[in-house]
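Take a look at the letters that make up each chain.
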Amino acid sequence: MNAQEHAARPAMIRLAGVRKRFGRKQVLEGIDLAVARGESLVVIGGSGTGKSVLLKCILGLLIPEAGQVFIDGQETTRLSPRARRVVMSRIGMLFQGAALFDSLPVWENVAFRLIEGERMPRRKAREIAIEKLARVGLGGDVADLYPAELSGGMKKRVGLARAIAADPEIVFFDEPTTGLDPIMAGVINELIVEQVERLGATTITITHDMTSARRIADRIAMLHQGKIIWQGPVDEVDHSGNPYVEQFIHGRPEGPIRMAVRAP
Amino acid sequence: MNPLAVIGRITRNALAAIGRLVVFAGVAVSHVVRPPFYLRNLLRQMLTIGYFSLPVVGMTALFTGAALAEQIYVGSSRFNAESTMAAVVVIAIVRELGPVLGGLMVAGRVSSAMAAEIGTMRVTEQIDALFTLSTDPLKYLVVPRLVAGVVTLPLLVIVANIIGVFGGFLVATQQLGFNPGSYLQVTVDYLEVSDVVSSLVKAAVFGFIVALMGCFHGYHSSGGAQGVGRATTNAVVSAFILILFANLVITVLVFGVDAVG
């Protein structure tokens, strides 16, 4: 979609002037961003540029010092725990390391929200979990394994199944392909696109994998030193005219971006 | 470096840590009575803390009770007061050694395991994942452990007390030639209800400390495997010190008046 079209559609997620710092280190320096309903935004940027912090601020895992986060028009940075849970019930999240619960078998991981949140009977939740596992290409034999018994790619699949288990309207992906071989990364990208299309969900993905970004994104935004320095439709990323974006997508060691050595 | 600045920073950090701990404990306790309740987690924790600690606590109590009887016999025989041995053993075990040693053994076993488990969940983002699945991590992880600690440790200490007295009984009757019937008679005569009550109160307080230290340090761990290791050590050390300190406070509160009167 073009810029006018994007501006015309109501934003499902909108950030206005979001600032976050840790001690003296200012990580986010006023982020303004809007994601339209049903749109897939990919945020790219180097390690330590605040991509994860941005995602955590939107999720409410971190509270920004200033600025607002609107989800479907509702301001969410100062919500009560109860209201936060209601917002969360509309959101799914795939973590970088999948963040599966070690103490629970795969199917209970997938059905976690159904069992604990919606108080669904375990037998029925298990049936749904197995159905969701099938959607990400995993057989019923995986259901009773524990996360420690799974490979990295399988963990990511289970994490995806858990994220989409309650049919969320919004899904976040944190580095969905990091640590996977190129083929498995391709498989995960396809699954993400397929499931997001099926759900009609609005998504934000953070990644530094350009292959993944090109496959998943409707629009791309680049984060650098706590600011969005460029954003636009995915097919414009190759001729953005922005030296930072050029350097990043071509992976050049020389350019305006200097690699930070210290973690934030 | 300015020494006053160092003292100031240390004091400030210490107060901040105490503040964090008190807020953490307060919030966690306030969640105990508010639904949802995770009964499955509570039962699992009770099993871990209680049932699986039985062998360790039982052996500790048995050996300590036996050694104690031996020493008290040696000491009291100098004053021809061997007949008081059973009374001293039961009072020492029930008032002090049962709850304190039981608490310390469980702290070594359980605080560390809790800190390692919750700490790993923290650094692998499992706690964040709970949050995104509309589940309060305090309610899901911390509350069941606190409740299990408070409920289970008194039960363990009852067992420890009985086994400890039995250890003394074994030494007295098998080695020192005491009459089993009269040994038990003296034990029962000198044991008072207040001794048992104080023993159980101590156990409940220690159970709370064990679980709180494990959860608190695990919950606030950061920095990968090293951070989890640090959390585990801190959990055990702080649980040990707090148990010994709380024991002193409760002992003074319960028995201090007797000593003065």
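Now for a description of the structure that goes with this document. Only a predicted model underlies this, so the values are computations on that prediction, with no experimental measurement involved.

Within chain A, the regular secondary structure consists of 10 helices and 10 strands. Over its C-alpha atoms chain A spans a radius of gyration of 18 Å, differing by no more than 12% from the 18 Å that the globule rule assigns to 264 residues. Along the longest, intermediate and shortest principal axes, the C-alpha atoms of chain A span 55 × 40 × 40 Å. For chain A, the proportion of its 264 residues judged to be buried stands at 45%. Nonlocal contacts in chain A, meaning residues at least 24 apart in sequence, comprise 65% of its contacts between residues at least 6 apart.

So, about the sheet that holds strand β4 (residues 66-71) of chain A. All names here are of chain A. The strand order across the open sheet formed by four strands is β2-β1-β4-β5, and the pairing between neighbours is antiparallel. The open sheet has two free edges, formed respectively by β2 (25-36) and β5 (74-75), since each of these has just one partner strand. In this sheet, β4 lies alongside strand β1 (residues 11-22) in antiparallel orientation, the contact comprising five bridges. Opposite Ala16, over in β4, you have Gln68 as the bridge partner.

This part takes up the interface of chain B and chain A. With 11 residues of chain B in contact, the opposing surface of chain A contributes 16 residues. In terms of residue class, the side of chain B that touches chain A is built from three nonpolar, five polar and three charged.

Quick look at the pairing of strand β9 (residues 219-224) of chain A now. Each regular strand displays side chains that alternate between the two surfaces of the sheet. Residue and element names in this part refer to chain A. Summarising burial for β9: six of the six residues are buried, a large majority. Of the two faces of β9, the one holding Arg219, Ala221 and Leu223 and the one holding Ile220, Met222 and His224 are both buried throughout. With six bridges joining them, β9 and strand β10 (residues 227-233) adopt antiparallel strand pairing. From the neighbouring strand, His224 faces β10, where its bridge partner is Lys227. Hairpin geometry of β9 and β10 is characterised by an intervening segment of two residues between the two adjacent antiparallel strands and by a positive phi of about 50° at Gln225.

Definitions and limits used
- Residues numbered from 1 in each chain as written.
- Chains lettered and ligands numbered in written order.
- Predicted model: local features only at pLDDT ≥ 70, side-chain atom pairs only at ≥ 80, totals over all residues.
- Helix = DSSP H or I, 4+ residues; strand = E, 2+ residues; numbered from the N terminus.
- Rg over C-alpha atoms; globule rule 2.2 N^0.38 Å.
- Buried ≥ 20, exposed ≤ 12 C-beta atoms within 10 Å, placed from the backbone.
- Contact = placed C-beta atoms within 7 Å.
- Pairing = 2+ DSSP bridges.
- Nonpolar A, V, L, I, M, F, W, Y, C, P; charged D, E, K, R; others polar.

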